[in-house]
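# Observations on the model geometry
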Amino acid sequence: MNKVAHVADAMIAYYAGDRKRINHFMKVHGYASTIGRLENLPEDTQLILEIAALTHDIGIKNSESKYGSSSGEHQQIEGPPEAGKLLHALLVEEHIIDRVCWLIAHHHTYENINTLDYQILVEADFLVNIDEDGLKDTAIQRIKGHIFKTSTGIAFLERLYHGDTSSEL
C-alpha cells in the first residue's frame, strides 16, 4: 500500500461515522489527483497534493469543539497540528508534512496563489463545494473568474456545471 492509501485509510478512521466529511475529502482527492496528473505535476508535487487533498479539512473537528464553528479561518489554524500528528504517525517524510501543513493552513486563502499544488487544491475543493453548497450559476461564474486558473480545472468546472463538452484539456 502506498502513502496516499495509508493517509486515506487514516483519514477515514479519523472521521469514522461522518460520511459527509469522508465523502468530501475523498471527492476533493479525486479531483485534485486527476487535475494534477493532467497538468503534469512532478511526482513529488503530486504526492504532496494528494496527501493535502485528503487532509485539507482535518481541522474541522477541533474547530467545531473549540470555537463551535467549522469556518475556513479556524480550519487553517487547527488543521496543521492535527495533520502533522497523523502524518508523523504514518512516517511521512518531514518535507512532505511541512508542505502539506502549509497547504492546509492556506486552503481557504485565495489571494497570492502562486504554486500549482496550492492552485489545484483550491480548485478541487471548489469543484466539490459548489455542488455540496448548491451554488447558483452567477456564483459559479464569479468563482470561475476569480479562482480557477488551470486549464483542467476550468474544463472540469465547465463540464460539471454548464454541460460544456467543447472545452479542451
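Small disclaimer: the values here were computed from a predicted structure and weren't measured. (Residues numbered from 1 in each chain as written. Predicted model: local features only at pLDDT ≥ 70, side-chain atom pairs only at ≥ 80, totals over all residues. Heavy atoms only, no water.)

## What about the overall build of the protein chain?
Operational definition: A run of DSSP states H or I qualifies as a helix once it reaches four residues; a run of E qualifies as a strand once it reaches two. Both are numbered from the N-terminal end. Radius of gyration means the value over C-alpha atoms here, while the globule rule gives 2.2 Å times the residue count to the 0.38 power. A simple rule labels every residue: compare its accessible area, found with a 1.4 Å probe on the protein chains alone, to the largest value its type can have, and call it buried under 20%, exposed over 50%, or partly exposed in between. Residues count as neighbours in contact if any of their non-hydrogen atoms are within 4.5 Å of one another.
Counting its regular elements, the protein chain contains nine helices and zero strands. The order of helices and strands in the protein chain, counted from the N terminus, is α-α-α-α-α-α-α-α-α. Rg of the C-alpha trace for the protein chain: 15 Å, near the compact-globule value of 15 Å for 169 residues, within the 12% margin. Dimensions of the protein chain, computed from the C-alpha atoms along their principal axes, are close to 45 × 35 × 30 Å. Counting only residues that meet the buried cut, the protein chain has 48% of its 169 residues in that class. Residue pairs at least 24 apart in sequence account for 59% of intrachain contacts in the protein chain once pairs closer than 6 positions are excluded.

## Looking at the side chain of Asp125
Heads up, the rule is: His residues and chain termini do not enter the charge count, which takes Lys and Arg as positive and Asp and Glu as negative. Put simply, a salt bridge is a Lys or Arg side-chain nitrogen that is within 4 Å of an Asp or Glu carboxyl oxygen. Two N or O atoms form a polar contact when they lie within 3.5 Å of each other; inside protein one atom must be a possible hydrogen donor and the other a possible acceptor, and for residues adjacent in sequence the pair counts only when both atoms belong to side chains.
Turning to its location among the elements, Asp125 is positioned in helix H7 (residues 116-132). There is no salt bridge for the buried Asp125, and the closest opposite charge comes from Arg21, which lies 9.7 Å off by N-O distance. A polar contact of 3.0 Å, which involves the side chain of Asp125, links it to the side chain of His24. With sequence-adjacent residues up to four places away left out, Asp125 is seen in contact with His24, Val28, His56, His107 and His108.

## Looking at helix H3 (residues 43-55)
Rule in force here: Working rule for helices: expected span equals 1.5 Å times residues minus one.
Taking 1.5 Å as the rise per residue, H3 with 13 residues should run 18 Å; its terminal C-alpha atoms sit 18 Å apart, in good agreement. Of all 13 residues in H3, 10 are buried, a share of seventy percent or more. Those residues of H3 not exposed but buried are Thr45, Gln46, Ile48, Leu49, Glu50, Ile51, Ala52, Ala53, Leu54 and Thr55. Looking at the buried positions of H3, the neighbouring elements they touch are helix H1 (3-14), helix H2 (19-38), helix H5 (72-89), helix H6 (94-106) and H7.

## Notes on the environment of Asp137
Tracing the backbone shows Asp137 in helix H8 (residues 137-146). Among the residues examined, Asp137 registers a relative accessible area of 41% and is labelled partly exposed. Placed 24 residues apart in sequence, Asp137 and Tyr161 show a C-alpha to C-alpha distance of 7.9 Å.

## What to know about the packing of H2 against H7
This is how the line gets drawn: Here an angle of 0 to 180 degrees is reported between the N-to-C directions of two axes, which are lines fitted to C-alpha atoms, with helices fitted over the stretch in contact. Relative orientations are named as follows: roughly parallel for angles under 35 degrees, roughly antiparallel for angles over 145 degrees, roughly perpendicular for angles from 65 to 115 degrees, and oblique for any other angle. Note on convention: near helix rotated counterclockwise from far helix by under a right angle means a left-handed crossing. Clockwise means right-handed. The nonpolar class holds Ala, Val, Leu, Ile, Met, Phe, Trp, Tyr, Cys and Pro. Asp, Glu, Lys and Arg form the charged class, and all remaining residues, Gly among them, are polar.
Between H2 and H7, the shortest axis-to-axis distance is 8 Å and the interhelical angle comes to 135°. If you check the angle between H2 and H7, you find them oblique. Both H2 and H7 take part in a crossing whose hand is right-handed. Residue-level inspection shows His24, Lys27, Val28, Tyr31, Ala32, Ile35 and Gly36 of H2 in contact with H7, the latter providing Ile120, Leu121, Ala124, Asp125, Leu127, Val128, Asn129 and Glu132. Per-class residue counts for the contact of H2 with H7 are nine nonpolar, three polar and three charged.

Interpretation in functional terms is not warranted from these geometric data alone.
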